[in-house]
Amino acid sequence: MPAPACIDLERHDLAANTIRALAMDAVQRANSGHPGMPMGMADLAAVLWQRHLVVDPDHPRWPDRDRFVLSNGHGSMLLYAVLHLSGFPVTMKDLMDFRQWGSPTAGHPEYEPELGIEMTTGPLGQGFGTAVGMAMAEAHLNAVFGDDLVDHRTWAFVSDGDLMEGISAETASLAGHLGLGKLVYVYDDNRISIDGPTDLAFSEDVAARFGAVGWHTVEVDGHDPIAIDEAYTAACAVTDRPSLVIARTHIGKGAPTKEDTAGAHGAPLGPAEISGWRSGAGWPDEDFHVPAGVAEHFGAGMDRGRAARIRWQDRFRAATGADPELGARWSAYHSPERVSLEGPGFEVGAGMATRAAMGAIFDEIGGRVAGLIGGSADLVESTKTEVSEGGSFSRSNPAGRNLHFGVREHAMGTIVNGLALHGGLRPYGATFFVFSDYMRPAIRLSALMDIPSIWVFTHESVFLGEDGPTHQPIEHLAAMRAMPNMAVFRPADAGEMLETWETVLNRSHPAVILGTRQAVPVLDRSGREGGVARGAYVLRDGDGAVVIATGSEVSVALEAADLLAHDHSIRVVSMPCADLFLEQPEDYRSEVLGNGLPVASVEAGSTFGWSRFTGPGGLNIGIDRFGASAPAGRIAEELGLTGPAVARRLATWLRGA
Ligand SMILES: Cc1ncc(C[n+]2csc(CCOP(=O)(O)OP(=O)(O)O)c2C)c(N)n1
């Protein structure tokens, strides 16, 4: 912890003004962007980077570094400027190319760890939640490895918009409940958003709100570096609760007419305003000016980080040298080996829900994947995603591997992303598929950032039955598959579920895993093992037509093919993951799809998207309406998804084909 009040105020002002100037200039040059927030938070950023944040620009991914999340990521120029001035590989050219094609300095950056960008948002509130996940990751790994190897803070800058978004309520509540003492948020209390003053729509007592959910709060003048330093120090001293530093700031600080107005929020200030700011600050009339001494000022903060990293490296060497088992454990978390799963042996022909199959292999997964951590949004009895010896993660037991998110799906989504972004862990979050709607922004960001978050959704079709249409996903499969970079797995039976987990764990990309509520037969897949990793494979051969099915409809398609066997030779293709199938070589894809045979699809969901595989003359059997509240068997009959009903549709289609 830094010694109190030894800030060189002149240097500090120069540093903060450099952030302001670079933000103004880059936004002006790009002719788009948000200058107001970087100008308003410049003092807060300068003190944090110079005095508190423990990072090393020469080793941006050093595991025990502090994490910094910019949740009000529209103010991205703040982060780019500070990274540049602190010696991270963000160049002056990158600043000049702000928001341009191919430049790393995107409008809203998300995740570029080599540059020092841990995560920023984009969709307001996501960073707020994600940083909670990072702090949970730290707490867990600290419990596993001890203070010598894991002991760092998670910082985030958050704005009015972040606090207005509901996700901040969900995640603040959980962070307070868990007593995440190394989590420090700095709230940019500038009382301005896009439409004008925040009191148009926001008048809550923020300190009282956060106090009520178990946070420590401290209020500070966000332009007084000594007070800011003291507030950060006070926040760090509170170790049993997360802290919120409520910093009263002025958006567009120093802009002659636009300070404290929405006009400073999201548009270039214009030459007159920039020139007025320069005269007020005694700044030369020169774009992208960085005064002498500023890099040294930030460099002193970075030297603190460099020294901390070297001390950590020494401790790491000593600890793993003295205890090779510790070194092996560290590797198991941080550079895991390939996973292969055996499973308990599933009896062919037996009925078993694929969620139950997942439950049956979950302990094995937990045993093979040291960093596996996750849980459910109050549905773990149903999702079957618990490691039985893992213990529950709590304030008093952060070593627990089973997370209890409460009924907070959106929080679960952002936290899983935070756990994944932190590194060292393999996180998952589970709920019913229909509730994925409540966490979609986080799922989308996992795909955008290409991080290995695992999304487990059970009760993945109308066949969940009596709970009715509010609980029955219809368009969800199509919507998830439409998301670039997301691999969606809908295994057909217990064997495919096992292969699905194996496939997902051996990739380092985001994935959705779907499990049935209802029992489905364990299929005879002998000789066809490994098919899941290719996305689709031939389960029953035939040379007259191809029926592609997924999940519970694979056994339906097999039954239909058997019923038609007298007149038609039907090939049944199981397609647990359309996304992986599309990545296969052309030869494999056309071979599986029968090289020009008529193709049909059967899936208990919207038919949207299936013509990609079935083509213009193809038949797509699915559900293009909402479901119904009834037992699953009756729903299957009414919606035409039994073996005989599918056989009838296929026969009619084949007669016309
Ligand atoms: C989920 C979401 N909704 C809307 C936006 C568009 N948007 C960007 S900034 C902002 C509000 C700005 O207010 P504040 O958070 O106080 O930021 P400041 O004006 O202080 O920079 C909005 C609505 C967004 N980025 N994310």
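Report on the accompanying structure. These numbers were taken from a predicted model, which means no experiment stands behind them. (Residues numbered from 1 in each chain as written. Predicted model: local features only at pLDDT ≥ 70, side-chain atom pairs only at ≥ 80, totals over all residues. Heavy atoms only, no water.)

**Things to note about the overall build of the chain**
Along the backbone of the chain there are 24 helices and 21 strands. Dimensions along the principal axes, computed over C-alpha positions, put the chain at roughly 90 × 60 × 45 Å. Here the chain holds 657 residues, and 60% of them are scored as buried. Of the contacts formed within the chain by residues at least 6 apart in sequence, a portion of 77% connects residues at least 24 apart. As presented, the chain carries roughly 23,900 Å² of accessible surface, and 51% of it is formed by carbon and sulfur atoms. Mean positive and mean negative side-chain charge positions of the chain (51 and 83 charges, respectively) differ by 2 Å. (Helix = DSSP H or I, 4+ residues; strand = E, 2+ residues; numbered from the N terminus. Buried < 20%, exposed > 50% of the residue type's maximum accessible area, 1.4 Å probe, protein only. Contact = heavy atoms within 4.5 Å. Areas by Shrake-Rupley, 256 points an atom, 1.4 Å probe, with all protein chains shown as cover. Lys, Arg positive; Asp, Glu negative; His and termini not counted. Charge placed at Lys NZ, Arg CZ, Asp CG, Glu CD.)

**Focus: the sheet that holds strand S3 (residues 154–159)**
The strand order across the open sheet built from 6 strands is S2-S1-S3-S4-S8-S7, with neighbouring strands paired in parallel fashion. In this open sheet, the two strands that pair with only one neighbour each are strand S2 (119–120) and strand S7 (216–221). Here 4 bridges tie strand S1 (residues 67–70) to S3, and the two strands are oriented parallel to one another. Residue pairing for S3: Phe68 is matched across the bridge by Trp155. The sheet strands contacting helix H2 (residues 36–52) are S1, S3, strand S4 (183–189) and strand S8 (243–248), and the helix crosses S3 at an angle near 170 degrees. (Pairing = 2+ DSSP bridges. Axes fitted to C-alpha atoms, helices over the stretch in contact; angles between N-to-C directions.)

**Considerations on the site of the ligand**
As a matter of local geometry, the ligand sits amid 16 residues, with His74, Ser159, Gly161, Asn190 and His265 nearest to it. Gly122 places a polar main-chain atom, nitrogen or oxygen, 3.1 Å from a nitrogen atom of the ligand. Take Asn190: an N or O atom from its side chain is 2.6 Å from an oxygen atom of the ligand. Considered on its own, the ligand offers 580 Å² of accessible surface; in the complex 75% of this is hidden by protein. The set of elements that each furnish at least two residues to the shell around the ligand consists of helix H6 (160–164) and strand S5 (192–193). Counted by class, the shell around the ligand contains 6 nonpolar, 7 polar and 3 charged residues. (Near = heavy atom within 4 Å. Polar contact = N/O pair within 3.5 Å; in protein donor to acceptor, adjacent residues only side chain to side chain. Nonpolar A, V, L, I, M, F, W, Y, C, P; charged D, E, K, R; others polar.)

**Looking at the side chain of Thr130**
With respect to the secondary-structure elements, Thr130 resides in helix H5 (residues 126–145). Leaving out residues up to four positions away in the same chain, Thr130 has contacts with Met119, Thr414, Asn417, Gly418 and Leu421.

**Remarks on the pairing of strand S20 (residues 599–602)**
The two faces of the sheet receive side chains in turn, since in a regular strand these alternate between them. Residue alternation in S20 divides its side chains into two sets, Val599 and Ser601 and Ala600 and Val602, and both sets are buried. The sheet contact formed by strand S18 (residues 545–549) and S20 spans 4 bridges and is parallel. Across the sheet, the residue bridging to Val546 is Val599, located in S20. Relative to strand S21 (residues 619–621), S20 runs parallel, the two being bridged by 3 bridges.

**Overview of helix H18 (residues 494–505)**
Between its first and last C-alpha atoms H18 spans 17 Å; for 12 residues at 1.5 Å apiece the expected length is 16 Å, and the two agree. Within H18, 11 of the 12 residues are buried, leaving the element largely enclosed by the surrounding structure. You can read the cap of H18 off the contacts: a side-chain oxygen lies 3.2 Å from the backbone nitrogen of Gly495, and it is on Asp493. (Expected span 1.5 Å × (residues − 1).)

**Notes on the pattern of salt bridges**
Applying the stated criterion across every chain yields a total of 30 salt bridges. Residue Arg309 is joined to Asp56 by a salt bridge in which the shortest nitrogen-to-oxygen separation is 2.9 Å. In this pair, Arg309 is assigned in helix H11 (residues 294–322) and Asp56 in the loop between H2 and S1, connecting sequence segments 253 residues apart. The residues Arg309 and Asp56 share a single accessibility class, namely buried. Connected through shared salt-bridge partners, Asp56, Asp58, Asp303, Arg306 and Arg309 make up one network. (Salt bridge = Lys/Arg side-chain N within 4 Å of Asp/Glu carboxyl O.)

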